[in-house]
Structures are given as structure tokens and as C-alpha cells.
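# Per-entry structural report
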Amino acid sequence: MKIAILGMGAVGRGLLEMADKKDLGLVVTGIADSKSALMDKDGIHIDEVLEAKRVHGFCGDKSLSAVDIVSHADYEVLVEVTPTNATTGEPALTFIRSALERGKHVVTSNKGPIARKYSLLQSLAEKNGVSIRFEATVCGAIPVMHTLTQGLAGNRVLAVFGVLNGTSNYILTRMEAEGLTYEQALMEAREMGYAEADPTYDVKGIDAAIKLVILSNTIWGLDTVLEDVEITGIDCLTTDALRLADDQNCTIRLIAQSIPSRGVLRVSPRILPKTHPLVVEGTLNAVTIETDMAGEITMIGKGAGSVETASAIIGDLMFIRDHYAGRH
Amino acid sequence: MKLEMKDAPGQLVAALQPISEVGGNIIAVIHQRDEKAEDDRLGVQIVLEIPDDRLNELIARIKDKGVNVVRIGKRRLLYTQTVIMIGHIMHTDLGDTVDRIDRTGFAEVTDMNMVMPAINEPSSALIVIRAVDRNEMEQTMEILRTVAKEKDLLIIEPLEEIA
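Everything numeric here is computed off the predicted structure, so don't read it as measured data. (Residues numbered from 1 in each chain as written. Chains lettered and ligands numbered in written order. Predicted model: local features only at pLDDT ≥ 70, side-chain atom pairs only at ≥ 80, totals over all residues. Heavy atoms only, no water.)

### So, the packing of helix 6 (residues 144-151) of chain A against helix 10 (residues 206-220) of chain A
Residues and elements named next belong to chain A. Direction vectors running N to C along helix 6 and helix 10 enclose 10°, while the axes themselves pass 11 Å from each other. Comparing their axes, helix 10 and helix 6 come out roughly parallel. Seen from helix 6, the contacting residues are V144, M145 and L148; seen from helix 10, they are I214, L215, T218 and I219. (Axes fitted to C-alpha atoms, helices over the stretch in contact; angles between N-to-C directions. Helix = DSSP H or I, 4+ residues; strand = E, 2+ residues; numbered from the N terminus. Parallel < 35°, antiparallel > 145°, perpendicular 65-115°, else oblique. Contact = heavy atoms within 4.5 Å.)

If you want it as C-alpha cells, here you go:
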């Protein structure tokens, strides 16, 4: 199956490495980063491109760009893994729309376009007889979208809630285990590479809220946006608060929760018994889906990382290959 | 709960049986032999715990056994929830914060554990609230959220059971 990849950050590189290393039947015919692009309908030599990126900081021809790949490369699936823009979803949104309009499938890890324009993109895909899949946008390696759309098909989903942000979970875990202050735990998270220089998205609950919007819109076909979510971050938490919770055999986690029947759509620090399945350690993610037939299902796994995210993207690619086999 | 029944064998057991049937828990039975009412009827006081929504059913079942329910005492607050508050709890009139809950009549702050670090740094407090039942607890939390917004306090609520 021929794929074109936009974005050569950690996720794009992780995907290329796996496509090169594992025998997945993926042929990469186009690659673009922020500065350059290259295409070859017979397949690009992945190892050479990774080497070029490592040495020069860009992957291909500087006279080409992502737009050229989207419109002219010979591919069946566009893999869009450029950085998230939570406000407009651009430029990824335009890339995705162009690919769908060309009758190409899209797999993305980019939260912006899905959180902003899910229903539009979904109907555009349907109109063109292709699919848009975005397993990697929520809970990293955890196959939550596959579980919801395939595994739990026929169930009525009543609620979804979980730990959707690994960075804030790491900070809370360290505050709880070592009695660190919020500032100390954040500094440690940065040193470990778990938090970005500007941790606002993570610690203020925005990243978790975007993922909650994606889950809600996908599960219930809603048109909620980030602004609909009631958000409280973890940046005002004290070590004392965690100690007080600890005295009760409880702890505090940043929980994203959507219960449409009760109008609940919120991200906030919550008190949970330490034995609760959502109390996971470090950068792990956990999500509970409550349904009418299956009851409660909780999944725990790695929420970030280049190879982990590649796992989610490859899962989507393999689904498209199997589902649309023989149609091309 | 004060009951009145015939002073005959088996009557007390008959009166108590419905309590366990509706999921109640008997804490004490006080048998007042000297407090005989007219017609040789006997007064018995029972202290029990029962989910609030089962109370009417219990009364009906007890009456079916030919026992009179004379009086139902003060409802106890059986629904407990623990929250943590962070901010300038003391300097935003803690007395008022607690009073806003207590004066609802259906909920009370029953315990508080506060940690106050250096001046100007936010305090943290664990607060135990008891309410008559789940609905009233939800109303109480709504009041608390409003108070927290007014006073710029952060309230950390427990993750409730869903469904």
C-alpha cells in the first residue's frame, strides 16, 4: 500500500523507522517536513531519508513542499503527522481536506483538525468513498478508537472518562510519591523530556480537553468544541493536597470526563481511591468506557512516544488496507 | 423511630423484620415496658440506618404488620463525600464557607483537616461533608462550587460512580 507522510518530527520518524524495519507492505511514495519534500512513485529509500534528516535537518528538495506531496504524489493513504494547532487546525486541516477530495484515505495523529472539524472531514471522506482515521490522536498506543468503533460496535456508550495526559499524570505521580512541589515535579518532567518548554497545554488540562472533545464527537456524533469543556488544570495543586488525599488512601489525578446524559464535559483534578483502575503511574494513560452491554471497560497504556504513536498509526493503516482491499 | 404495638408474643420480631427486608441496619432497640400506652399497647424505640428512598416503603411494611409508627426522629446524614480545597481558605472567611453548607439543613461539614504553610501561600484542606442523600449532596456540591468561584478556591471533588 502506497503512503505519503507529512511531518518528520518524532512521530513521523518513528513511523518511517517501523515501516522500514517491519514487513508491513507499506511503500512510502512521498515525504514532507516543514522545509522540504520528496516523492517517488516507486518508493522512497527510507533509511536514506532518515539519514538526510539527521545530518541536514531537512528531508528532501527545498523547492517542494507538503502541498506538492498532497496534490501530486502517488499514494493511497495520506499520513498527516504535523504538529497540532488547537485553534485553527491549520495547515493540517487543508492538507487533509485536499487529500480526501482527491479520494485518498487519511490517517492522522493531529488533534487540531479532528477536534475542530470532525463532522466536516467525516462527511467529506464519506462523499469520496474513503476513510479518515485518527487512533493516534487520543491515548497514544491504546487502541481506544478501534475498541469503540469495532470492538464495542452495537453498544450504547454511556460515559467515557480517563487520564488522557501523560505529562500531568507524571507530575501528580511524582508529587504523590516523593512529596515534590508542583514546580519541582514540573522541572523534573522537563528534564525527562516529558514536558515541553511551554507546558501550558498539558498542565492546564487543554490537551486532555482536546482529546475529550475528539472522543465525545466520535462516540456520540456531537459537535462539541474545546470551548465547551469545563477545564481545571493541575498547576494550582499543592503537595499538602496530595498528602491529605493520601491520608484517606486516595490520590489525585487529572480526569477528563464526558457524560452527555448529564451534560458533563469536564477536565479537572479529582480524588480517587488508590485502588481505582484509573490511578496509573508516570506518563501512562488510562481510559474507561462505560456501555450498556459490555459494562465498564478500562484500558491502560502508553500515551505518547514515537514508536507508540507509530503503533496507533500503523493500526489505522492496516485497517484501511484490510477494509478497502481490492477496491483500488 | 418510635413504634407502638400490641403487647403480645412475636409482635416485636414482626415489627423488626421489615427493616432488614428493605436493606436497613438496626443500631439499637429500646423496649420501654414502663411506658405502656392505653389498650395494653407497648412503645418501642428503634434506632436504624436506612437508605433515604426506602423509608416510605419501610413504614408501609411495618404498618402491614399491624404496628403503629408513632414518630420518626431526626433523619441522619448518611451520604458522605470528601473534597479537598486549595487556596486562601482562612482569609476568605472559612466560617462563612462552612455555614453556607450547614445552613442548607440537608448537609453538614462534619470534619476538616487543614494544612497552612507560610503566610501568602495557599492552604489545603480536606473537608468531609455529610448529606441526607445523593441528590442533596449534588446540590451541596453546586453550592460549594459557587462559593469556590466567589472566593477563588480550587475544589477537588471525588470521581463519582457513573451510571
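### A few points about the interface of chain B and chain A
Bring the parts together and some accessible area is lost; that lost area is often taken as the interface size. Tallying the contact residues gives 21 residues for chain B and 25 residues for chain A. Here chain B packs against chain A, burying approximately 1,900 Å² in sum over the two surfaces, 66% of which is carbon and sulfur. The interface formed by chain B and chain A contains one salt bridge. Where chain B touches chain A, the interface holds six residue pairs in polar contact (both at pLDDT 80 or more). Going through the elements one at a time, strand 5 (79-87), strand 6 (107-115), strand 7 (123-131), helix 4 (134-151) and strand 8 (154-158) of chain B are the ones with two or more residues in the side of chain B that touches chain A. Of the residues in the side of chain B that touches chain A, the class split is 14 nonpolar, three polar and four charged. (Buried area = accessible area lost by both parts, 1.4 Å probe. Salt bridge = Lys/Arg side-chain N within 4 Å of Asp/Glu carboxyl O. Polar contact = N/O pair within 3.5 Å; in protein donor to acceptor, adjacent residues only side chain to side chain. Nonpolar A, V, L, I, M, F, W, Y, C, P; charged D, E, K, R; others polar.)

### Quick notes on the domain arrangement of chain A
Residues and elements named next belong to chain A. According to the domain assignment, chain A consists of domain 1 (2-140 + 306-323) and domain 2 (149-301). Distance between the C-alpha centres of domain 1 and domain 2: 28 Å. Each side of the interface is counted separately: domain 1 has 13 residues, and domain 2 has 18 residues. Across the domain 1/domain 2 interface, buried area totals approximately 1,300 Å², and carbon plus sulfur atoms make up 65% of it. In this assembly, domain 1 and domain 2 are joined by two salt bridges. (Domains from an automatic or database assignment.)

### Thoughts on the pattern of salt bridges
Applying the stated rule across the entire model yields 29 salt bridges over all chains. A salt bridge links E21 of chain B to R61 of chain B, with the shortest nitrogen-to-oxygen separation between them at 2.8 Å. Linking E21 of chain B in helix 1 (residues 11-21) with R61 of chain B in helix 2 (residues 55-64), this pair joins segments that are 40 residues apart in sequence. On the basis of relative accessibility, which here comes to 40%, the residue E21 of chain B falls in the partly exposed class. Salt bridges linked by common partners bring E230 and R266 of chain A together with E138, E142, R145 and E157 of chain B together as one network. (Buried < 20%, exposed > 50% of the residue type's maximum accessible area, 1.4 Å probe, protein only.)

### Examining a negative patch on the surface
Residue and element names in this part refer to chain A. Together, E17, D20, D47 and E48 make up a region of like negative charge exposed at the surface. Inspection of the secondary structure puts D20 in helix 1 (residues 10-21). Residue classification places D20 among the partly exposed residues on the basis of a relative accessible area of 42%. (Patch = residues over 30% accessible without salt bridge, like charges linked within 9 Å, V, L, I, M, F, W, Y side chains within 5 Å. Areas by Shrake-Rupley, 256 points an atom, 1.4 Å probe, with all protein chains shown as cover. Lys, Arg positive; Asp, Glu negative; His and termini not counted. Charge placed at Lys NZ, Arg CZ, Asp CG, Glu CD.)

### Regarding the nonpolar core
In terms of nonpolar packing, the biggest core is built from 78 residues, with L100, I132, V144, I171 and L237 of chain A together with I84 of chain B touching the most fellow members. At seven residues, helix 10 of chain A tops the list of elements feeding residues into this core. For L100 of chain A, the residues in contact, after removing those within four places along its chain, are V106, L121, L124, A125, N128, V130, S131 and I132 of chain A. (Core = buried A, V, L, I, M, F, W, Y, C linked by side-chain atoms within 4.5 Å.)

### Overview of the sheet that holds strand 2 (residues 27-32) of chain A
Residue and element names in this part refer to chain A. Across the sheet, which stays open at both edges, the six strands sit in the order 3-2-1-4-5-6 with mixed pairing between neighbours. Every interior strand has two partners, whereas the edge strands, strand 3 (37-39) and strand 6 (132-133), have only one. Across five bridges, the pairing between strand 1 (residues 2-6) and strand 2 is parallel. Paired with K2 across the two strands is V27, which belongs to strand 2. Where helix 4 (residues 92-101) meets the sheet, it contacts strand 1, strand 4 (77-80), strand 5 (105-108) and strand 6, and its direction lies at approximately 175° from that of strand 4. (Pairing = 2+ DSSP bridges.)

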